[in-house]
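Single-letter residue listing:
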Amino acid sequence: MRCLTCFWICGERTTAIVKKKDSFTGKILRNNLYAVKQAMTISKKRVICSIIKRSIEYFLWVFYSAFFVRFILDALEEKRPLREILTAILLIGGVSLILELFLYYCDNVLFPCWNIKIFHHLYNKIYRKAENVELACYEDNRFYDKFSTALDDMGTQLCNCIDNMSTVISGIFGGILACYTMVEIAPLTIIFLAAPLLGNFFFAPKMNRIFYERYQDGVPFQRKLDYVNRIMYLKEYAKEFRLSRIYRVVKEQYTQATDGKAGIWKKYFKKGFPLGMLQYFFSYIVIFEGVLLYGAWQAIVPANPTLTFSQMAVLTSVMVTASWVWVQVIQAINRSTESSLLVDNLREFLEYEEKIPEDGGGILPDSYIHSIEFCHVSFSYQKDIPVLQDVSFHVKDGESLVLAGHNGAGKSTVIKLLLRLYEPTAGVIRVNGRDIREYKLSAYRSLFACAFQDGALLPGTVRYNILMGRQESDEEVVNALQKAGIYEKIRNLPRGIDTPLTKEFDEDGTLLSGGECQKIVVARAFAAHCSAAIFDEPSSALDPIAEHELFTHILQETKGKIRILISHRLSCVKNADSVLLFEKGKKVEEGTHESLMRADGSYAQMYRIQERNYFALDEEEVVSDE
């Protein structure tokens, strides 16, 4: 429910308005050149071969429609020997067959293989970038749109950019050659050739601009449509849809988004229809009908025709070829405009400069954490909305620390700052006496074993989910499962620790309950063997007794290490060395469980309320039982 609410709040319209034609056209050109450059770094052969293939295609079109047709007609008029004509036909046919086989080989063998290579390298680059950007980017609505669009079949878009560029480059030369042949036969046809240039280079950019603005206006609505389409098949929402009214809410929002997008199409249809008709008239009607009428007039009407019937046939054939070549060029330009919108998101995403880069440099930390210190740390997700205010505390080697407080008090934010998922807006965090910003981030984070309440299980075996790709013995896996209190469950599965979890890739996969999944995540932390352990609500899906047992195991099995724990049920962690109570982002109490109970403050009040709810019988209940 919270995710749905956040989505609708974040779904506000953010329409980008293009102010200058030059900047719009330049942006399209830059994005397509960027796409081709990316492709060149991955597979130069794919780019070069695409240009060669298109050039051969257009050469064959122009050759057959102009030179070959003229050769046959001239040969017939001049009554050349049949053997000479057949020899030429066979020779040309043989060369054409070889070229056609090459084109077929490109489309069905070379390009599919090279495209897979481009897909692989591109998505690896996207995934590495996604791993490297800071967590705040995922909470930025605009940046997340860039990321999701970058993943949206971007490999295909990149290959399309290559093919569009090849079509434009080769088509321009082919079109010029065809037009030259027409002008050579009938010079005045240059008048009609100017019409497609007017239609495609004057009206087409205006149409592209309208398409771009229509796309931008439709982004917020499309985001809602994509979201609804996605959550309809996610199991996390299956119960909500069946047991609440949320389906009606989502359906209503889906309808509104559909109507909104349809309204945008209607709005821009009124702008684009007149321009579209003018583009069609000048690009197709004028050259087709004009050249045919002009050629027919010159061949039939005058007393001394300036065109022979063979010239008229060649002119008609070349006119059709020239028209279709230019149509292909303009369509490629239009497709480039559409692809540019998506490539622009890819470019912005890949060129984003991380504030906390995962692959950044720094000094290597010691292999063991002896102390963690927060010195007057403050943090805000947004300006003027503090989440943590002037927080200071110190944890030493072997101590256990509990962060307590109501939801939204700032407990998890402390963990995020410690792990450098975010940077403090004020103050400093030190580990082993050194500012954590000085450490190499990847090496620094490897010092912590973490288990979070929303930790995810991946499609794979139990062993894989515990070791996460590391090579360890069965004993290591079993030991971690035993510490987390989940081994008996796993041992009774059909294949033990090699049983696949989830049914994502394996229909025989096992589905675990929410509490069992959390225990697997805790076992993963145990198996990491790190010098410090962080457990952030790792037992929220467990009942109070199971949670108490789990936290008892956690404190016992991580003894000697620095341990930081978060739990709403204070009775589970009352044996910790120290407790920090947070309220509204501030540390309001600090001490052991016993000292805080004696102080009889907010912590003691919270503990007694939970004690009554979970471990004691109210007097009214006792009376009712009697």
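Above: the structure in question.
Residues numbered from 1 in each chain as written. Predicted model: local features only at pLDDT ≥ 70, side-chain atom pairs only at ≥ 80, totals over all residues. Heavy atoms only, no water.

Draft legend 1. Quick look at the side chain of serine 43. Topologically, serine 43 is positioned in the loop between α2 (21–42) and α3 (44–77). Serine 43 sits in the buried class, given a relative accessible area of 4%. For serine 43, the contacting residues outside a window of four places in its chain are Trp114 and Ile118. (Helix = DSSP H or I, 4+ residues; strand = E, 2+ residues; numbered from the N terminus. Buried < 20%, exposed > 50% of the residue type's maximum accessible area, 1.4 Å probe, protein only. Contact = heavy atoms within 4.5 Å.)

Draft legend 2. Spatial organisation of the sheet that holds strand β2 (residues 385–396). Strand order in the open sheet made by the four strands is β2-β1-β4-β5, with antiparallel pairing throughout. Every other strand in the sheet has two partners, leaving β2 and β5 (434–435) as the edge strands with one partner each. As defined by bridge partners, strand β4 (residues 426–431) adjoins β5 across two bridges and the pair is classed as antiparallel. Note that in β5 the partner of arginine 430 across the bridge is aspartate 435. (Pairing = 2+ DSSP bridges.)

Draft legend 3. Here's a closer look at the environment of isoleucine 52. With respect to the helices, strands and loops of the structure, isoleucine 52 is situated in helix α3. Counting along the chain gives 455 residues from isoleucine 52 to glutamate 507, while the straight-line C-alpha distance between them is 47 Å.

Draft legend 4. Spatial organisation of the packing of aromatic side chains. Within the structure shown, the criterion is met by 16 aromatic pairs. Here the aromatic rings of phenylalanine 111 and tryptophan 114 are separated by 6.2 Å at their centres, their planes lie at 40 degrees, and the arrangement is tilted. Here the residue phenylalanine 111 and the residue tryptophan 114 both occupy positions in helix α4 (residues 82–132), the gap between them amounting to three residues, near one helical turn. Exposure remark for phenylalanine 111: the relative accessible area of 7% places this residue in the buried category. Every member of this aromatic cluster is reached through a ring pair, and the members are Phe59, Phe63, Tyr64, Phe67 and Phe68. Positioned above the aromatic ring of phenylalanine 111 is the side chain of arginine 46, whose terminal nitrogen or guanidinium carbon lies 4.1 Å from the ring centre. The lysine or arginine in question, arginine 214, covers the ring of tryptophan 265, its NZ or CZ lying 3.7 Å from the ring centre. (Phe/Tyr/Trp six-rings, centres within 6.5 Å; stacked < 30°, edge-to-face > 60°. Lys NZ or Arg CZ within 6 Å of the ring centre and 35° of its normal.)

Draft legend 5. How the structure looks around the nonpolar core. Ranked by size, the top nonpolar core spans 49 residues in total, and within it Ile466, Leu481, Ile490, Ile520, Val522, Phe535 and Ile554 carry the most contacts. Sort the elements by how many residues they give to this core and helix α16 (residues 514–528) lands first, with seven residues. Excluding residues within four positions of it along the chain, isoleucine 520 makes contact with Leu457, Val462, Asn465, Ile466, Leu481, Ile486, Ile490 and Leu512. With 35 residues, the next largest nonpolar core counts Val377, Leu388, Val395 and Ala532 among its residues. (Core = buried A, V, L, I, M, F, W, Y, C linked by side-chain atoms within 4.5 Å.)

Draft legend 6. Up close: unusual backbone geometry. Unlike most non-glycine residues, aspartate 390 shows phi in positive territory, near 50 degrees. A positive phi angle, close to 65 degrees, is found at threonine 502, a residue other than glycine. Looking at the element boundaries, threonine 502 is found in the loop between β8 (500–501) and α16. Given the relative accessible area of 17%, threonine 502 is considered buried.

Draft legend 7. Local environment of the pairing of strand β12 (residues 586–591). Here five bridges tie strand β11 (residues 578–583) to β12, and the two strands are oriented antiparallel to one another. Its bridge partner lying in β12, valine 579 is registered against glycine 591. Between the end of β11 and the start of β12, which pair antiparallel, lie two residues, with lysine 584 showing a positive phi angle near 55 degrees.

Draft legend 8. Structural context of the packing of α4 against helix α10 (residues 309–350). Look at α4 against α10: their axes get within 10 Å of each other, and the N-to-C directions meet at 50 degrees. Classified by the interaxial angle, the pair formed by α4 and α10 is oblique. Crossing handedness for the pair α4 and α10: left-handed. On α10, the residues that touch Leu122, Lys125, Ile126, Lys129 and Ala130 of α4 are Leu346, Phe349 and Leu350. A per-class count over the contact of α4 with α10 returns six nonpolar, no polar and two charged. (Axes fitted to C-alpha atoms, helices over the stretch in contact; angles between N-to-C directions. Parallel < 35°, antiparallel > 145°, perpendicular 65-115°, else oblique. Left-handed = near helix turned anticlockwise from the far one by under 90°. Nonpolar A, V, L, I, M, F, W, Y, C, P; charged D, E, K, R; others polar.)

Draft legend 9. Quick peek at a nonpolar patch on the surface. Taken together, the side chains of Trp61, Val320 and Trp324 present a nonpolar region at the surface, about 280 Å² in accessible area. Among the secondary structure elements, tryptophan 61 is positioned in helix α3. Looking at tryptophan 61, the relative accessible area reads 37%, which means it is partly exposed. (Patch = residues over 30% accessible without salt bridge, like charges linked within 9 Å, V, L, I, M, F, W, Y side chains within 5 Å. Areas by Shrake-Rupley, 256 points an atom, 1.4 Å probe, with all protein chains shown as cover. Salt bridge = Lys/Arg side-chain N within 4 Å of Asp/Glu carboxyl O.)

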